[in-house]
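Letter by letter, the chains look like this.
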Amino acid sequence: MKSLMIQGAKIIATGSAIPSFKLSNDEMSKIVETSDEWISSRTGIKERRLLTEKSQSINDLAISASQQALEKASMDPSEVDLIILATSSPSDLFGSASRIQFEIGAKNAVAFDLTAACSGFVVGLVTAFQFLQTNTYRNILVIGADVLSQWVDWSDRSTCILFGDAAGAAIVQSCSSIHNSILSFKINTDGKYASHLSISYEKSLHKLSVGNLKLYQGAFKHVYMNGREVYKFAVSQVPLSILSCLEASNMSVQDIDWLVLHQANERILTAVAEKLSISSKKIISNLSKYGNTSAASIPLALDEAIKEHKISDNDIVVIAGFGAGLTWGTIILRW
Ligand code: ACO
């Protein structure tokens, strides 16, 4: 963990995109044996958006969110120096960021994918800060996007009810340290528990008729989640991460104006709020409409809160992500 002092960085605009198709809990109960009552009471989710057009991919959502952010910043795409696409569900295993770079016309930008599951946007922002802090780049587009509807087992009621598809984007710009809005950050990984949440790759023998050569090829399986363990991990580690970040900025919980947590589950949001003794009015929550949109959830919630004029200048905004890896992380921002 460090306090950033060299060159400052500021989020100057955000954008988001969701598919038009909406699936309610009642409709979900026609797919798997479940009910609106079960899903609502255990997760807070009422409906989710799903990418249903064959011709559409994660890129379309990411492009739309990025173009919105660029428009809000009145920035020509050629001014973007770097694009970081945080995703676990790219349209191409070699990465989707370069397609987005081309499609939005960010011809001067370097572009790469970053995989850190639901913590992806937080890790992406922290990565962007490093390039801004050292004055390597001036404008960075950080995108969080996922289409986990394409990776869940639609016969597994314990996971398919949770996820939705979306993208969110933020433009981060370097600025003089006085105006730096990034007060501190902390990111963590504990690979010991990686098996609690995964989309693993399953190999089988691929026989080739060249001597004794044995090669293995396979395919990715579906989302696997040990829900109880993920719940315990989130409610224990996320408050600690936030408290440690606050301490690094000489702040306390009372200083927080808005808490934007990864939108996984309303019960996790409530438990974290209770552990921190923070009013639920300060918790941004939109998961009832979108479900868990993985890397997109924080920028989508942030963008909505800005559009609804909840967040004002100088507000202290704490964002915290957590998910597969297991990874988790917090950033404290002065808006
Ligand atoms: N509808 C109806 N019944 C269901 C459903 C469903 N959709 N899913 C599971 N059940 C049943 C189970 O079969 C089980 O039945 P049984 O008692 O007869 O065996 C019962 O409900 C309880 O199942 P649990 O899995 O133990 O349910 P739990 O109370 O743990 O709730 C939940 C599940 C909501 C997923 C919970 O574990 C949780 O909130 N975990 C956090 C996970 C999370 O939010 N993950 C996302 C964060 S990480 C990321 O974003 C990738």
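Residues numbered from 1 in each chain as written. Predicted model: local features only at pLDDT ≥ 70, side-chain atom pairs only at ≥ 80, totals over all residues. Heavy atoms only, no water.

What follows concerns the pairing of strand E7 (residues 165-175). For a regular strand, side-chain orientation follows a simple rule: the groups alternate between the two sheet faces. The buried count for E7 comes to 11 of 11 residues, which makes it a mostly enclosed element. Of the two faces of E7, the one lined by Asp-165, Ala-167, Ala-169, Ile-171, Gln-173 and Cys-175 and the one lined by Ala-166, Gly-168, Ala-170, Val-172 and Ser-174 are each fully buried. Taken together, the nine bridges between strand E1 (residues 8-17) and E7 define a ladder with antiparallel strand orientation. Its bridge partner lying in E7, Ala-17 is registered against Ala-167. Of the strand pairs in this sheet, strand E6 (residues 139-147) and E7 are connected by nine bridges, and their pairing is antiparallel. When the bridges of E7 are listed, Asp-146 appears paired with Ala-166. (Buried < 20%, exposed > 50% of the residue type's maximum accessible area, 1.4 Å probe, protein only. Helix = DSSP H or I, 4+ residues; strand = E, 2+ residues; numbered from the N terminus. Pairing = 2+ DSSP bridges.)

What follows covers the layout of surface pockets. Of the voids in this model, the largest pocket is the one considered here, and its volume is about 1200 Å³. Around the largest pocket, the lining comprises 50 residues; the ones closest to its centre are Phe-163, Leu-197, Val-223, Tyr-224 and Met-225. Of all the secondary-structure elements, those providing two or more residues to the lining of the largest pocket are helix H2 (36-43), helix H6 (157-160), strand E9 (197-198), strand E12 (224-225), helix H7 (227-248), helix H8 (266-276) and strand E14 (316-323). In terms of residue count, the dominant contributor to the lining of the largest pocket is H7 (four residues). Per-class residue counts for the lining of the largest pocket are 26 nonpolar, 19 polar and five charged. When residues of the lining of the largest pocket are assigned to domains, at least three map to each of domain 1 (8-179) and domain 2 (182-191 + 224-334). (1 Å grid on protein atoms, 1.4 Å probe; cavity = no way out; pocket = protein on both sides within 12 Å on 5 of 7 lines; lining within 4 Å. Points joined across faces, edges and corners; volume = space filled by probe spheres on them. Nonpolar A, V, L, I, M, F, W, Y, C, P; charged D, E, K, R; others polar. Domains from an automatic or database assignment.)

Adjacent strands of a sheet pair through backbone hydrogen bonds, lying either parallel or antiparallel. Strand order in the open sheet made by the five strands is E1-E7-E6-E4-E5, with mixed pairing throughout. Two strands in the sheet have a free side with no partner beyond their single neighbour: E1 and strand E5 (110-114). The mean angle between the axes of side-by-side strands here comes to 20 degrees, regardless of whether they run parallel or antiparallel. Strands E1, strand E4 (82-86), E6 and E7 of the sheet are contacted by helix H3 (residues 58-72), whose axis makes an angle of about 125 degrees with E1. (Axes fitted to C-alpha atoms, helices over the stretch in contact; angles between N-to-C directions. Contact = heavy atoms within 4.5 Å.)

Turning next to the pattern of salt bridges. Evaluated as defined, the whole model comprises nine salt bridges. Residue Glu-202 pairs with Lys-221 through a salt bridge whose shortest N-O separation is 3.5 Å. Separated by 19 residues along the polypeptide, Glu-202 in strand E10 (residues 201-207) and Lys-221 in the loop between strand E11 (214-220) and E12 bring together distant segments of the chain. Taking the relative accessible area as the measure of exposure, Glu-202 reaches 46% and is therefore partly exposed. You can call Lys-221 partly exposed: its relative accessible area is 36%. (Salt bridge = Lys/Arg side-chain N within 4 Å of Asp/Glu carboxyl O.)

As a further point, take the site of the ligand. The full set close to the ligand counts 21 residues, and Arg-42, Cys-118, His-262, Asn-265 and Asn-292 are the nearest of them. Within the contact set of the ligand, an oxygen atom lies 2.5 Å away from a side-chain nitrogen or oxygen of Asn-265. Surface burial for the ligand is 74%, taken as the share of its 1000 Å² of free accessible area covered by protein chains. Applying the majority rule of atoms within 2 Å of the grid points places the ligand in the largest pocket. When contributions to the shell around the ligand are tallied by element, the ones reaching two or more residues are H2, H6, H7 and H8. (Near = heavy atom within 4 Å. Polar contact = N/O pair within 3.5 Å; in protein donor to acceptor, adjacent residues only side chain to side chain. Areas by Shrake-Rupley, 256 points an atom, 1.4 Å probe, with all protein chains shown as cover. Sits in = over half its atoms within 2 Å of the grid points.)

With that out of the way, let us pick up the domain arrangement of the chain. Splitting the chain by domain gives domain 1 (8-179) and domain 2 (182-191 + 224-334). For domain 1 and domain 2, the distance between their C-alpha centres works out to 17 Å. When domain 1 packs against domain 2, close to 3100 Å² is buried across both sides, 66% of that on carbon and sulfur atoms. The largest contributions to the domain 1 side of the interface with domain 2 come from Cys-118, Phe-121 and Val-122, which together make up 18% of the buried area. Close ionic contact of Lys-72 with Asp-303 constitutes a salt bridge, the shortest N to O distance being 2.9 Å. Elements with a contribution of two residues or more to the side of domain 1 that touches domain 2: E1, H2, strand E3 (47-50), H3, helix H5 (120-133), E6, H6 and E7. No other element matches H5, which puts seven residues into the side of domain 1 that touches domain 2. Across the side of domain 1 that touches domain 2, the residue classes break down as 21 nonpolar, 14 polar and nine charged. (Buried area = accessible area lost by both parts, 1.4 Å probe.)

What follows covers H8. Among all positions in H8, only Ile-268, Leu-269, Ala-271, Val-272, Ala-273 and Leu-276 are buried. Structurally, the start of H8 carries an N-cap: the backbone nitrogen of Arg-267 is 2.7 Å from a side-chain oxygen of Asn-265. Note on H8: the residue one or two positions beyond its end, Ser-277, has a positive phi of about 50 degrees.

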